[in-house]
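# Per-entry structural report
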Amino acid sequence: MTPDIAALPHIPCDAEGPVFREPWEAHAFALAVTLNGRGLFTWGEWAETLSATIRAAQAAGDPDTGETYYTHWLNALEQLVIAKGVTTAPVIDATADAWHAAAEATPHGQPIQLAPRPGQTA
């Protein structure tokens, strides 16, 4: 089933659809659509979480120029997967740290590979 992206709040779009400045923004978008499609959260829950995330960032000084929009998506996704019991903040932090370390150690042009966490199967 193709999601109705018109139902999603504040998606930067042009005539061809969503617009992304970086590949990770498209990945965050796709992850939100996929997790909604799998029933992890409703679009209402998503809109509420994303709106609260944006308001908190603006209250903390985010200039709301649009450049941080998908950072807010990522933060909202993290909040929802934690709230829904899919993962924990320490696991997210450890995975981000492992990703950055693997990226630093990977020669340019080679795929980045993360080693499995202890207790994780490949």
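Attention here is on the structure that accompanies the text. Nothing here was measured: the structure is a model prediction, and the numbers come from that model. (Residues numbered from 1 in each chain as written. Predicted model: local features only at pLDDT ≥ 70, side-chain atom pairs only at ≥ 80, totals over all residues. Heavy atoms only, no water.)

## Quick look at the overall build of the protein chain
The helix and strand tally for the protein chain stands at four helices and two strands. When the elements of the protein chain are put in sequence order from the N terminus, they spell out β-β-α-α-α-α. Sorting the 122 residues of the protein chain into buried and exposed places 25% on the buried side. Across the protein chain, every contact between residues at least 6 apart in sequence was considered, and the portion connecting residues at least 24 apart equals 53%. If you sum the accessible surface of the protein chain, you get close to 8,300 Å²; carbon and sulfur atoms cover 57% of it. (Helix = DSSP H or I, 4+ residues; strand = E, 2+ residues; numbered from the N terminus. Buried < 20%, exposed > 50% of the residue type's maximum accessible area, 1.4 Å probe, protein only. Contact = heavy atoms within 4.5 Å. Areas by Shrake-Rupley, 256 points an atom, 1.4 Å probe, with all protein chains shown as cover.)

## A short note on unusual backbone geometry
The backbone phi angle of Asp64 is positive, close to 55°, even though this residue is not glycine. Tracing the sequence through the fold places Asp64 in the loop between helix 2 (43-59) and helix 3 (69-83).

## Section: helix 1 (residues 23-37)
Taking 1.5 Å per residue as the helical rise, helix 1 with its 15 residues ought to reach 21 Å, and the 21 Å between its terminal C-alpha atoms agrees with that figure. Among the residues of helix 1, those classed as buried are Glu25, Ala28, Phe29, Ala32, Val33, Leu35 and Asn36. Looking at the buried residues of helix 1, the elements they touch are strand 2 (17-18), helix 2 and helix 3. (Expected span 1.5 Å × (residues − 1).)

## Concerning the pattern of salt bridges
Under the counting rule described, the total for this entry stands at two salt bridges. In this structure, the salt-bridge partner of Arg21 is Glu25, at a minimum N-O distance of 3.4 Å. The partner of Lys84 in a salt bridge is Glu45, with the nearest N and O atoms 2.7 Å apart. Pair noted here: Lys84 is in the loop between helix 3 and helix 4 (89-105) and Glu45 is in helix 2, with a separation of 39 residues, a long-range link. (Salt bridge = Lys/Arg side-chain N within 4 Å of Asp/Glu carboxyl O.)

## Digging into helix 3
In a regular helix each residue adds 1.5 Å, so 15 residues correspond to 21 Å; helix 3 covers 21 Å between its end C-alpha atoms and thus fits that length. Every buried residue of helix 3 is accounted for by Tyr69, Tyr70, His72, Trp73, Ala76, Leu77, Leu80 and Val81. Down the axis of helix 3, the sector holding all buried residues measures 165°, keeping them to one side. Those residues of helix 3 that are buried lie in contact with helix 1, helix 2 and helix 4. Immediately beyond the C-terminal end of helix 3, within one or two residues, lies Gly85, with a positive phi of roughly 80°. (Arc of directions from axis to C-beta.)

## Describing the packing of aromatic side chains
Applying the stated criterion across every chain yields a total of nine aromatic pairs. Their ring planes at 50° and their centres at 5.4 Å tell us that Phe20 and Tyr70 sit as a pair that is tilted. Placement of the pair is Phe20 in the loop between strand 2 and helix 1 and Tyr70 in helix 3, with a sequence separation of 50 residues. With relative accessibility at 28%, the residue Phe20 sits in the partly exposed group. When the centroid spacing of 5.4 Å and the interplanar angle of 50° are considered together, the rings of Tyr70 and Trp73 count as tilted. One end of the pair is Tyr70 and the other is Trp73, both in helix 3 and three residues apart, which spans about a single turn. The two residues Tyr70 and Trp73 agree in class, both being buried. (Phe/Tyr/Trp six-rings, centres within 6.5 Å; stacked < 30°, edge-to-face > 60°.)

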